[in-house]
Amino acid sequence: MTIEKQLVEKTFYETFMTEDENVHPVQVLGELYVKEQRENLSDLSPIRFAQGEVYFHHQDFEAAIYKWENVTNELVPWAQKNMADAYFEIGFLSTAEGIYNSITAEDMTLNTEIALQLISLYIEQANFKQAKEVIKNVVSYNPDYPNVTEIARAFFEEHKDWSAAIELAVNEALRTEKIEWFDILRSYIDKGLTITYEPDYFNQILTAIYSIDQARFEQMVSSLWNSYKDQESYLMWIQEFNNLFLKFEINQESWHELALLYEETYVDLINGKYFIKELSEIIPNLLTNWLRIVDVSKALFASAAVLAWNEIFPSTINESTVTDAGQLLLNSKHDPNGLDNSLHLFQQIKEWATSHNLEVGQRLDWMVNELLDQHVHYLLVTGTSGNGRSSFINSLLQEKALEIPHSTAVILKNGEHEEISEITDEYIQPISNVTDTEGEQGKALIECKLPGRFLGENELAIITTPSFNGIRNRRNEAFNYLHFADGLLFVLNAASPFTNRERDILVEIQDKAPNLPIHFVLNQMDVFDSEEEAAETVNHTISKIKETFPNANVLPYSAQYEGRRQLDDLTEFLTENFKGRKLEEVRSGKVVTFIRQVLTYLTEKRKEMENSLRESIQWNEEMVTKLNGAIHQLSDLEKDKILDINNRFLTIKEEMKKEMLESIPKLLQSTSSLIKENSDFRKIHLELNEEMNNRVQDYLQNTLLPKVYRDMQQWINDAKADFDECKSYLDEMSEGFNKLYGEKRMELACDFQVLDDWRRDTDRMTSGVPMDKINIFLRFSPSRFLLKSAGKLLGGLSQNKTMLYNKYKKFIEQENYKDTAESVTKTFLLQFELFEKALERDVSMFFKNPFAVLTRTVEETHLEIQKSQDTLDQMEANKELFTDPMTLFELKLRQNEWMMGVIKEVQYV
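Scope of this entry: the structure provided in the associated data block. (Residues numbered from 1 in each chain as written. Predicted model: local features only at pLDDT ≥ 70, side-chain atom pairs only at ≥ 80, totals over all residues. Heavy atoms only, no water.)

### Comments concerning the side chain of Thr288
Put simply, the test is: Helical segments are the DSSP runs of H or I of at least four residues, strand segments are the runs of E of at least two, and each set is numbered from the N terminus. When checking whether two residues touch, look at their non-hydrogen atoms; a contact exists if any pair is within 4.5 Å.
Looking at the element boundaries, Thr288 is found in helix 17 (residues 283-293). Ignoring any residue separated from it by four or fewer positions in sequence, one finds Thr288 in contact with Leu246, Ile317 and Thr321.

Laid out in structure tokens, this is it:
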């Protein structure tokens, strides 16, 4: 045992022990101490140090401390450390801590032991911060000391200080290159404790483990990969790792786990969660590394992914990688699940479209679903006009003759009972007759299910399209179903078979659908008078056809011939020429074609949406202009009617006023006839005043009011005529706007209640005049005062009556009564003036609803404009939300095509 180990374990005293094991160390050291002291031959410090150890082991800590305090040689630092240990044992933690921290020595072992004791002391004090500092310090300068890193790891794990634990594992793995530290680090990764670390933090670790153990490297990569998945740094991890992995030489035969990770990750990345700008820096290296490690037997997907990506994003993948992918693809078998994969992609596109307010056309969706039924062969039957196509088809149906439409495609299928449906891009709906279609020509398909022995026995469905005529070929509906049909049966007219026009049509068809089997029916064979002429025509027709279509066959046929034999011949002909291929393989390519059509359809729909929004904005802006113009016109109309109605009412009022001011004075002057020479002039002024009031009241009630009533009724009738004219104008206006909107959106109804209110007010104002009596003759004036005074004084004397009679009569007849007339007129016209003040408001009430409707429509239109503009702005600002998924769908489609062998040539080899 080395002296260093003895000092650590406090067994230095064993250096003084004799071979006699029965002698106690205390006795040996005591005797030696006495001997050395007597002889005074040497320093007693070593013996004291050893005695302190013995006392410590026997838990006599005070004696041990006493002995160590008296050590004076080179063992002083160790003695101090041991003293601190003793204080620690008896619970004097602060004293122990002070001693530990006061020791200065260059001995690494001593310093390490002090550190380990301080760690225990700080843990005892629950001072975990200090303990962590000491641990990290001792690990940094003496990590190889026994149990140091183990203690550190245990402390960090116990206190869940995972950053320190991870740092320790990383440093120790790199320093020692021991597998256990890599495994410890991977356990932290698997627990999700490293997800906050930047991916490049592990580059050194991965490089180190790759050179030590590639199997564990794969495990470490897998753990990191799965830990970063669904985290913000996931893409950063993929990019960082692939950049690193590209630098490694691949010298391991099997990378099963990592290759599977690459496949799963690639599928996840192109699934629409990320923008292409995020993927463009990641995918090329990912595909390159994937291809480097993938097993040759499982290289189909990886090589197809490389080739597809390189097509969609040229020059982003190294040319040598593309070449390798092409070679691997050539040596791989085609994907047996091609149809399922294509259908899954079609479903993905449908779901994505629905979530983005787009819809895959109902007709395309229906056709793809029909392709799933591999028990039914779809035969496209078409030809040029005059070939007897309808009679040929009806001869197959036997029991049921149909009127084949000339402008719409029809699919005839076997069914238990007759059932007819119209299928368009927008809807699928039942109809009563094959000719009863509402869809736009070329955009509708009729599905007709009906009982038919021939169709059922042959598992056959017939697609019949309008005949080719003089219009350009590409407009014919047959071209819409070339990739849906399993074969094409072209019907020829035996009277003029296989014309140059028919050949040109079929050449164009073959160009568009090169894998579609094409065969012929030579129809209307009954036109020939002899078998020799018929046979010569058949042979000549076959010869002409073979020049262009060497694999095509011809069946002579006539709908006029009866019997089962002709149908049996047709059955045999169809079986030999159309049913030899596996439908699953054939239809995989068809679904791919339809997916491409769907992508084109969605792109067009997206453009239609944008154009529709722009047109809607422009149209609504024009409507706002029209509506504002209508509001201005209505405002002018309202002002005109207010002015007209007010003016007519003002005329009536002014005429009343004029008449009253003229009539009332005359009326009052006429009361002079009441005065007689024998009148009692002492009371005549009272009689005159009473009579004047009565005459005024009578005039107002019986003369003026009836005339005013008639005038007001005429005024109301004139106003009604004005309002009726306005109503007609507004009805025309609302009708015009409703035509523009294409719906009954507005009704500019006016409030005719105002006329009833006026009639009620007129009746009230002309039904009577509740006027108080006024002092007409009794009002004070000097002349009236003198006249009344004279009457009172002289009226009792008969000789004065003639004089008073003349005075009164002259006074009454010469008085102008202007003030009385004005007073009565003012009082009488007061209610009319109040009525007049409300006229503008009343007329405005008549127009209130039209104004409200027009204003509300303007506001709603502005909201529609803003909504459309916001949607358009969002679509234009975030085009990648549409274009990126469409590009990724195209990428997946190309992958499927490569994997299914739809793409025949590999041009990269």
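### Points about the side chain of Arg587
Heads up, the condition is: Throughout this description, a polar contact denotes any pair of N or O atoms lying within 3.5 Å of each other; where both atoms belong to protein, one of them has to be capable of donating a hydrogen while the other can accept it, and for residues adjacent in sequence the pair is counted only when both atoms sit in side chains.
Mapped onto the elements, Arg587 comes out in helix 27 (residues 583-669). Only 3.1 Å separates the side chain of Arg587 from the backbone oxygen of Leu371, close enough to count as a polar contact.

### Some points on the nonpolar core
For the record, the criterion: Joining through side-chain atoms within 4.5 Å is the link that ties buried Ala, Val, Leu, Ile, Met, Phe, Trp, Tyr and Cys residues into a set, and such a set is a nonpolar core. Classification of residues uses two cut-offs on accessible area relative to the type maximum, computed with a 1.4 Å probe and protein chains only: under 20% is buried, over 50% is exposed, and between them is partly exposed.
Judged by nonpolar contacts, the single largest core of 117 residues is most densely connected at Phe217, Trp225, Phe241, Leu258, Tyr266, Leu269 and Leu287. The leading source of residues in this core is helix 18 (residues 300-312), at nine residues. Not counting the four nearest positions on each side in its chain, Phe217 is found in contact with Leu206, Ile209, Tyr210, Phe241, Phe245, Phe248 and Trp255. Counting 64 residues, the second largest nonpolar core, distinct from the first, contains Tyr481, Phe490, Phe498 and Ile509.

### Details of empty space enclosed by the protein
Here is the rule we go by: The way it works is a 1 Å grid over only the protein atoms, where trapped points that fit a 1.4 Å probe form a cavity and open points with protein on both sides within 12 Å along at least five of seven lines form a pocket, and then any residue with an atom within 4 Å of a point lines it. Grid points are joined across faces, edges and corners, and a volume is the space filled by probe spheres set on the points.
Under the criterion given, the structure shown has one cavity of 30 Å³ or more. By volume, the largest cavity amounts to about 50 Å³. His377, Tyr378, Leu379, Leu460, Asp486, Gly487, Leu574, Phe578 and Lys579 together form the lining of the largest cavity. Sorting the residues of the lining of the largest cavity by element identifies strand 1 (377-383) and helix 26 (564-578) as the ones contributing at least two each. Counting residues per element, the lining of the largest cavity draws most heavily on strand 1, at three residues.

### Digging into the pairing of strand 8 (residues 518-523)
Heads up, the rule is: Two strands pair if DSSP finds at least two bridges between them. Clockwise travel from the first strand over the helix to the second, with the strands pointing away from the viewer, marks a crossover as right-handed.
Burial analysis of strand 8 places six of its six residues in the buried class, which makes it a mostly covered element. Covered by surrounding structure in strand 8 are Ile518, Phe520 and Leu522 together with His519, Val521 and Asn523, the residues of both alternating faces. Bridge count between strand 7 (residues 487-493) and strand 8: six bridges; the pairing is parallel. Within strand 8, the position partnered with Val491 by the bridge is Val521. At this point the chain moves from strand 7, through helix 24 (residues 500-512), to the parallel strand 8, and the crossover so formed is right-handed. For the crossover from strand 8 across helix 25 (residues 531-548) to strand 9 (residues 554-556), the handedness is right-handed.

### Structural notes on the sheet that holds strand 4 (residues 428-430)
Quick reminder of the rule: Structural elements are reduced to axes, namely lines fitted to C-alpha atoms, with helices fitted over the stretch in contact, and the angle between N-to-C directions of any two is expressed from 0 to 180 degrees.
Sheet architecture is open: nine strands sit in the order 4-3-5-2-6-1-7-8-9, paired in mixed fashion. Only two strands of the sheet have a single neighbouring strand rather than two, namely strand 4 and strand 9. The sheet shows a mean angle of 25° between the axes of neighbouring strands, direction not considered. The pairing of strand 3 (residues 419-424) with strand 5 (residues 444-450) spans six bridges and is classified as antiparallel. Each residue of the ladder has a partner; that of Glu419, found in strand 5, is Lys449. Packed on one face of the sheet, helix 21 (residues 362-370) meets strand 1, strand 2 (409-414), strand 3, strand 4 and strand 5 and runs near 125° to strand 3.

### Here we look at the packing of aromatic side chains
What counts here: For this analysis, a ring pair means two rings from Phe, Tyr or Trp (six-membered ring only for Trp) whose centres lie within 6.5 Å, classed as stacked if their planes differ by under 30 degrees, edge-to-face if by over 60, and tilted for the remaining angles. Any Lys NZ or Arg CZ that is within 6 Å of a ring centre and within 35 degrees of that ring's normal is treated as a charge sitting over the ring.
For the structure on display, the rule yields 53 aromatic pairs. An angle of 70° between the planes, with centres 5.8 Å apart, marks the rings of Phe217 and Phe248 as edge-to-face. Taken as a pair, Phe217 in helix 13 (residues 214-228) and Phe248 in the loop between helix 14 (234-245) and helix 15 (256-269) lie far apart in primary sequence, 31 residues in all. Given the relative accessible area of 0%, Phe217 is considered buried. Aromatic side chains Phe490 and Phe520 sit 6.1 Å apart centroid to centroid with 70° between the ring planes, which places their arrangement in the edge-to-face category. Separated by 30 residues along the polypeptide, Phe490 in strand 7 and Phe520 in strand 8 bring together distant segments of the chain. Since its relative accessible area comes to 0%, Phe490 is described here as buried. One aromatic cluster is present, built from ring pairs that chain together Tyr210, Phe217, Trp225, Tyr228, Trp237, Phe241, Phe245, Phe248, Trp255 and Tyr262. Directly above the ring of Tyr33 sits Lys67, whose terminal nitrogen or CZ lies 4.7 Å from the centroid. Across the ring face of Phe245, the terminal group of Arg292 is positioned such that the distance to the ring centre comes to 5.6 Å.

### Some thoughts on helix 12 (residues 203-212)
Residues Asn203, Ile205, Leu206, Ala208, Ile209 and Tyr210 constitute the buried set of helix 12. Looking at the buried side of helix 12, the elements it contacts are helix 10 (162-176), helix 11 (179-190), helix 13 and helix 14.

### Here we look at unusual backbone geometry
Even without a glycine there, the phi angle at Gln59 is positive, about 60°. Within the secondary structure layout, Gln59 lies in the loop between helix 3 (45-57) and helix 4 (61-69). Taking the relative accessible area as the measure of exposure, Gln59 reaches 61% and is therefore exposed.

### Things to note about the pattern of salt bridges
For side chains of opposite charge, pairing can occur when their charged atoms come near one another. Under the convention used in this document: Every case where a carboxyl oxygen of Asp or Glu lies within 4 Å of a side-chain nitrogen of Lys or Arg is listed as a salt bridge.
The tally for this structure, following the rule as stated, stands at 43 salt bridges. Its salt-bridge partner being Lys132, residue Asp161 comes within 2.7 Å of it at the nearest N-O pair. With Asp161 in the loop between helix 9 (148-158) and helix 10 and Lys132 in helix 8 (residues 128-141), this pair connects stretches of sequence that are 29 residues apart. Overall, the relative accessible area of 26% leaves Lys132 in the partly exposed class. Among the ionic pairs, Asp144 bridges to Arg175, the shortest N-O distance being 2.7 Å. Remark: Arg175 occurs in helix 10 and Asp144 occurs in the loop between helix 8 and helix 9; sequence separation between them is 31 residues. In the salt-bridge network here, residues are joined through shared partners; they are Glu311, Arg596, Glu890, Arg894 and Glu897.

Honestly, it's all geometry; don't read function into it.
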